[in-house]
Amino acid sequence: MNSRLLVFNCHEAWVYQLRLLGLPLDIIVNLSGRHTRAWDEAMRPIPPNARLVTLQDVLAARETYDCIIAHNLSDLLDIKSLPGPRILIIHITLESLILEQHARTGPVEFRSAVSQYVRQTRTHVVAVSQFKGRSWGFPDDVVLLSADAADYPAWQGDLTRGLRVCNFVLRRPRYLLWDFHQRAFAGLPVTLVGHNPEIPGVAPSRGWADLKETLSHHRFFIHTADPHLEDGYNMATLEAMAAGLPVLGNRHPTSPITHGVDGFLSDDPVELNRFARLLLENHALAAEMGRAAQRTVSERFSAESFRSGMTRSIARAQTTWKDAVACAALPPGTLQDRAYCPKSRS
């Protein structure tokens, strides 16, 4: 790979991971439908070797990219005129998307339409978890999220408070099991950080340094999610684990937490409340479980794993694109028995 990567600005924390590849990076900003149209430095600093560009600039320049990374079908449509390998990143389950968008199209039809479109556009699909990949029908290439304990200051846990980092919780109550969260942590001191304009007194962090400092002082972290709609962890959960916080939440088949080792899991809000009180009262126990959480994230969600996974996925996207170009160059009427040629081409 000798040129640049192009990525749409969505999920800053995920995009920031691309710095691990060590490649020049163009990030498309000024996109509609986001709480900020610029790069949100409250989430992450702009990655090294990155420049911010607009979609209009990219389309006008028609620069050649090693790979174009999109986060949804709208992104793919926006760059349909640009040649080059492309990847679609699956960040949420199909069921969550249908629920959030109040879509009338059922999951079977949705999967079929997306599958057909990515085949036609020769797009390689990568999921951030096996669970999410399966929900869309693309379980073959999974690149897990990553977090590195070396990026975080030493955990202190001097604030006897729990912490949750999440955006727009009142717009996604089912997805986040918000009612369960409220019952489980009722009467306990809990800090909520994120873009939540409907909740008075709640604000996002002032930057990544501020977020890391916040993590270092809180006693435990909270993640709850509907097992049918979302993984038992997200990027914020892994960051908290890397920072040395034990995690509390509901039982979930994809949770990285081992109950009683690096956190506590329960579907009983009264029991989970009791576990939370235990950690608030016992700093030494929280510290021990937090160290276990750091080991878990280091073993299962390492930066090296993300780097090698994305490098492999980009190579697969490049092969898919090259095969499509070779297929298109074949004379009309040539027998289409090569693996890279769509079955429908004549």
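Note that the structure is predicted; figures quoted are calculated from it, not measured.

> Mind showing me how you'd approach the environment of Asn196 here?
Among the structural elements, Asn196 can be located in the loop between strand 8 (190–193) and helix 8 (208–217). Sequence separation between Asn196 and Val29 is 167 residues; the distance between their C-alpha atoms is 22 Å. If we ignore the near neighbours within four places in the chain, the residues touching Asn196 are Cys166, Asn167, Phe168, Val169 and Val202. Within the structure, Asn196 has its side chain in polar contact with the backbone oxygen of Cys166 (distance 2.8 Å). Reaching out from Asn196, the side chain makes a polar contact with the backbone nitrogen of Phe168 at a distance of 2.8 Å.

> Could you clarify how one ought to interpret empty space enclosed by the protein in this entry?
To locate leftover empty space, one rolls a probe as large as a water molecule over the atoms. Across all of its chains, the model carries 1 cavity of 30 Å³ or more by this definition. Looking at the largest cavity, its volume works out to about 50 Å³. Lining the largest cavity we find His223, Gly232, Val247, Gly249, Asn250, His252, Ser255, Ile257 and Leu265. Taken together, the residues of the lining of the largest cavity break down into 3 nonpolar, 6 polar and no charged.

> I'm lost on the nonpolar core in this one. Help?
A general feature of soluble globular proteins is that nonpolar side chains tend to end up buried together. By size, the foremost hydrophobic cluster in this structure holds 66 residues, and its most contacted members are Trp14, Leu18, Phe185, Leu215, Phe221, Leu248 and Met310. In terms of residue count, the dominant contributor to this core is helix 9 (residues 235–242) (6 residues).

> How should I be thinking about the sheet that holds strand 7 (residues 159–165) in this particular structure?
The strands making up a sheet are joined through hydrogen bonds of the backbone, oriented either antiparallel or parallel. With parallel pairing, 5 strands are arranged side by side in an open sheet as 8-7-9-10-11. The open sheet has two edge strands with one neighbour each: strand 8 and strand 11 (263–265). Across the sheet, the mean angle separating the axes of adjacent strands is 25° when strand polarity is ignored. Judged from the 3 bridges that link them, strand 7 and strand 9 (residues 218–222) form a sheet pairing that is parallel. Within strand 9, the residue paired with Leu159 across the bridge is His218. The strands touched by helix 8 are strand 7 and strand 9; relative to strand 9, the strand with the most contacts, the crossing angle is about 105°.

> Explain the packing of aromatic side chains to me, please; I cannot follow it from the model alone.
Aromatic ring pairs: the centre-centre distance and the angle between the two ring planes describe each pair. The tally for this structure, following the rule as stated, stands at 7 aromatic pairs. Between the aromatic rings of Tyr152 and Trp208, the centroid separation amounts to 6.2 Å while the plane-to-plane angle is 85°, which identifies the pairing as edge-to-face. With Tyr152 in the loop between helix 6 (130–136) and strand 7 and Trp208 in helix 8, this pair connects stretches of sequence that are 56 residues apart. With respect to burial, Tyr152 and Trp208 carry one shared label: buried. Taken together, a centroid distance of 4.4 Å and an interplanar angle of 5° make the contact between Phe264 and Phe275 stacked. Here Phe275 lies in helix 10 (residues 269–281) and Phe264 lies in strand 11, a separation of 11 residues in the sequence. For the pair Phe264 and Phe275, a shared accessibility class is recorded, and that class is buried. Through a chain of ring-to-ring contacts, three or more aromatic side chains come together here, namely Tyr16, Tyr152 and Trp208. Lys212 extends its terminal NZ or CZ atom over the ring of Trp208, reaching a point 4.0 Å from the ring centre.

Rules behind the numbers
Residues numbered from 1 in each chain as written. Predicted model: local features only at pLDDT ≥ 70, side-chain atom pairs only at ≥ 80, totals over all residues. Heavy atoms only, no water. Helix = DSSP H or I, 4+ residues; strand = E, 2+ residues; numbered from the N terminus. Contact = heavy atoms within 4.5 Å. Polar contact = N/O pair within 3.5 Å; in protein donor to acceptor, adjacent residues only side chain to side chain. 1 Å grid on protein atoms, 1.4 Å probe; cavity = no way out; pocket = protein on both sides within 12 Å on 5 of 7 lines; lining within 4 Å. Points joined across faces, edges and corners; volume = space filled by probe spheres on them. Nonpolar A, V, L, I, M, F, W, Y, C, P; charged D, E, K, R; others polar. Core = buried A, V, L, I, M, F, W, Y, C linked by side-chain atoms within 4.5 Å. Buried < 20%, exposed > 50% of the residue type's maximum accessible area, 1.4 Å probe, protein only. Pairing = 2+ DSSP bridges. Axes fitted to C-alpha atoms, helices over the stretch in contact; angles between N-to-C directions. Phe/Tyr/Trp six-rings, centres within 6.5 Å; stacked < 30°, edge-to-face > 60°. Lys NZ or Arg CZ within 6 Å of the ring centre and 35° of its normal.

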